[in-house]
Amino acid sequence: MKIATFSVLLLLLFIFPVALAQLKFKFYSESCPNAETIVENLVRQQFARDPSITAALTRMHFHDCFVQGCGASLLIDPTTSQLSEKNAGPNFSVRGFELIDEIKTALEAQCPSTVSCSDIVTLATRDAVFLGGGPSYVVPTGRRDGFVSNPEDANEILPPPFISVEGMLSFFGNKGMNVFDSVALLGAHTVGIASCGNFVDRVTNFQGTGLPDPSMDPTLAGRLRNTCAVPGGFAALDQSMPVTPVSFDNLFFGQIRERKGILLIDQLIASDPATSGVVLQYASNNELFKRQFAIAMVKMGAVDVLTGSAGEIRTNCRAFN
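Here the structure is a predicted model, which is why all the values come from computation and not from measurement. (Residues numbered from 1 in each chain as written. Predicted model: local features only at pLDDT ≥ 70, side-chain atom pairs only at ≥ 80, totals over all residues. Heavy atoms only, no water.)

Engineer: Explain the packing of aromatic side chains to me, please; I cannot follow it from the model alone.
Structural biologist: A ring pair, where both rings are aromatic, is described by two values, the distance of the centres and the angle of the planes. Summed over the entire model, instances satisfying the criterion amount to 14 aromatic pairs. Each ring, one from Phe252 and one from Phe253, has its centre 5.2 Å from the other, and the planes form 75 degrees; the classification is edge-to-face. Through successive ring pairs, a cluster of aromatic residues spans Phe248, Phe252, Phe253, Tyr282, Phe289 and Phe293. Its end group placed over the ring of Phe97, Lys86 keeps NZ or CZ at 4.2 Å from the ring centre. (Phe/Tyr/Trp six-rings, centres within 6.5 Å; stacked < 30°, edge-to-face > 60°. Lys NZ or Arg CZ within 6 Å of the ring centre and 35° of its normal.)

Engineer: How should the packing of helix H9 (residues 179-186) against helix H14 (residues 276-284) be read in this particular structure?
Structural biologist: Two numbers describe how H9 lies on H14: the axes approach to 10 Å, and their chain directions differ by 55 degrees. Our classification of the angle between H9 and H14 gives oblique. You can see that H9 and H14 cross each other, and the crossing is right-handed. Of the residues in H14, those touching H9 at Val179, Phe180, Val183 and Ala184 are Val278, Val279, Gln281 and Tyr282. (Axes fitted to C-alpha atoms, helices over the stretch in contact; angles between N-to-C directions. Helix = DSSP H or I, 4+ residues; strand = E, 2+ residues; numbered from the N terminus. Parallel < 35°, antiparallel > 145°, perpendicular 65-115°, else oblique. Left-handed = near helix turned anticlockwise from the far one by under 90°. Contact = heavy atoms within 4.5 Å.)

Engineer: Can you walk me through the pattern of salt bridges in this structure?
Structural biologist: A pair can form between side chains of opposite charge whenever their charged atoms are brought close. Counted under the stated rule, the structure contains 14 salt bridges. Note that Glu40 is salt-bridged to Arg44, the shortest N-O span being 3.1 Å. Remark: Arg44 and Glu40 occur in helix H3 (residues 35-49); sequence separation between them is four residues, near one turn of the helix. Lys299 is paired through a salt bridge with Asp181; the nearest N and O atoms lie 2.8 Å apart. Here Lys299, found in helix H15 (residues 286-300), pairs with Asp181, found in helix H9; they are 118 residues apart in sequence, far enough to count as distant. The class of Lys299 is buried, set by a relative accessible area of 6%. (Salt bridge = Lys/Arg side-chain N within 4 Å of Asp/Glu carboxyl O. Buried < 20%, exposed > 50% of the residue type's maximum accessible area, 1.4 Å probe, protein only.)

Engineer: Is there a simple way to think about the domain arrangement of the chain in this case?
Structural biologist: How big an interface is tends to be stated in terms of the accessible area lost upon association of its parts. Along its sequence, the chain is organised into domain 1 (34-157) and domain 2 (165-297). With centres defined by C-alpha atoms, the gap from domain 1 to domain 2 works out at 24 Å. At the junction of the two partners, domain 1 supplies 16 residues and domain 2 supplies 14 residues. Of the roughly 1300 Å² buried where domain 1 meets domain 2, counting both sides, 80% is carbon and sulfur surface. By the criterion of area lost to domain 2, the three top residues of domain 1 are Phe66, Pro135 and Tyr137, representing 36% of everything that side buries. Our count for the domain 1 to domain 2 interface comes out at zero salt bridges. Our count for the domain 1 to domain 2 interface comes out at two residue pairs in polar contact (both at pLDDT 80 or more). Of all the secondary-structure elements, those providing two or more residues to the side of domain 1 that touches domain 2 are helix H4 (53-65) and helix H6 (117-131). (Domains from an automatic or database assignment. Buried area = accessible area lost by both parts, 1.4 Å probe. Polar contact = N/O pair within 3.5 Å; in protein donor to acceptor, adjacent residues only side chain to side chain.)

Engineer: Any chance you could explain the packing of H9 against H15 here in plain terms?
Structural biologist: A packed helix pair is summarised by two numbers, namely the angle formed by the two axes and the spacing between the axes. Following both chains from N to C, one finds H9 and H15 inclined at 100 degrees, their axes separated by 8 Å at the closest point. In this view, H9 runs roughly perpendicular relative to H15, as classed from their interaxial angle. Touching Phe180, Asp181, Ala184 and Leu185 of H9 are Phe289, Gln292, Phe293, Ile295, Ala296, Met297, Lys299 and Met300, all from H15. Here the contact of H9 with H15 is composed, by residue class, of nine nonpolar, one polar and two charged. (Nonpolar A, V, L, I, M, F, W, Y, C, P; charged D, E, K, R; others polar.)

Engineer: Would you mind going over H15 with me for this structure?
Structural biologist: Since one α-helical turn is 3.6 residues long, residues separated by three or four positions face the same way. Helix length check: H15 (15 residues) gives 21 Å between terminal C-alpha atoms against 21 Å at 1.5 Å per residue, within 8%. Among the 15 residues that make up H15, twelve are buried, leaving the element largely enclosed by the rest of the structure. Sitting at the head of H15, Asn285 places a side-chain oxygen 3.1 Å from the backbone nitrogen of Glu287. (Expected span 1.5 Å × (residues − 1).)

Engineer: What exactly am I supposed to notice about the side chain of Arg202 here?
Structural biologist: In this structure, Arg202 sits in helix H10 (residues 200-204). Aside from chain neighbours lying at most four places away, what touches Arg202 is Pro212, Asp213, Ser215, Met216, Gly261, Ile262, Leu263, Leu264 and Gln267.

Rendered as structure tokens:
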């Protein structure tokens, strides 16, 4: 184990003992010894084909854990008689499900009914983050899959891109995360893209003024207006130059300090007194950001988990057993 990874592990055990006690490092060491290797190999293969899988899985993990806890509720397919979280507006663009299916198929072939879909999402996200240039960290496993998947839950709980800083901190705080965790998790926007629908108002008609958001760099606003003039337009969330939408680094924080945030909440955390100091620390220290991101991800992966005899181990991640 690398020294940095070990240090993160010790810190996690110190600051978050209750939730982590429900899970266990190397949970599958006896029941499915090759589980984490199988996950890593398949994620590595997908990353070689499509590096944007880092952003896709990070978003999937976030959207799953904050709705009904980390129980793979987001993976359930709707049926003719029952909708699921996939029908919720915030989840329409979530992707990466096919990779989770591929991993599950491989694990079922080697260790039937053993590795949960929720653990697969957590492990695959961890591996994708590392492959994208992010931190190497260990995650405890032993999650079980939930029995509930309703679109209303996702629509009500997941925060919109125009949430206030106060609202954002409250959202994360209710799940046991502090300001350092919250800002670090938003730092996942160093990878990925956003459709124009999530920010076009900032470049055309901010708050009904008919003008761009004055907090956005004018050159960026002009460029984004051209981008969004085309149907289906989108922009990289990391607008640092050169643009690095598949590279996990702290350039995002320097970008928002220069008024180049795409989403409103990204820009707000750079100027709000409650978060601007943390943004400055992460912008100045890439290793600090990566270390805190690892801590926040492990915390997030322990939100309202099902363990022991609760829940189930799905044989198909898209359907309840």
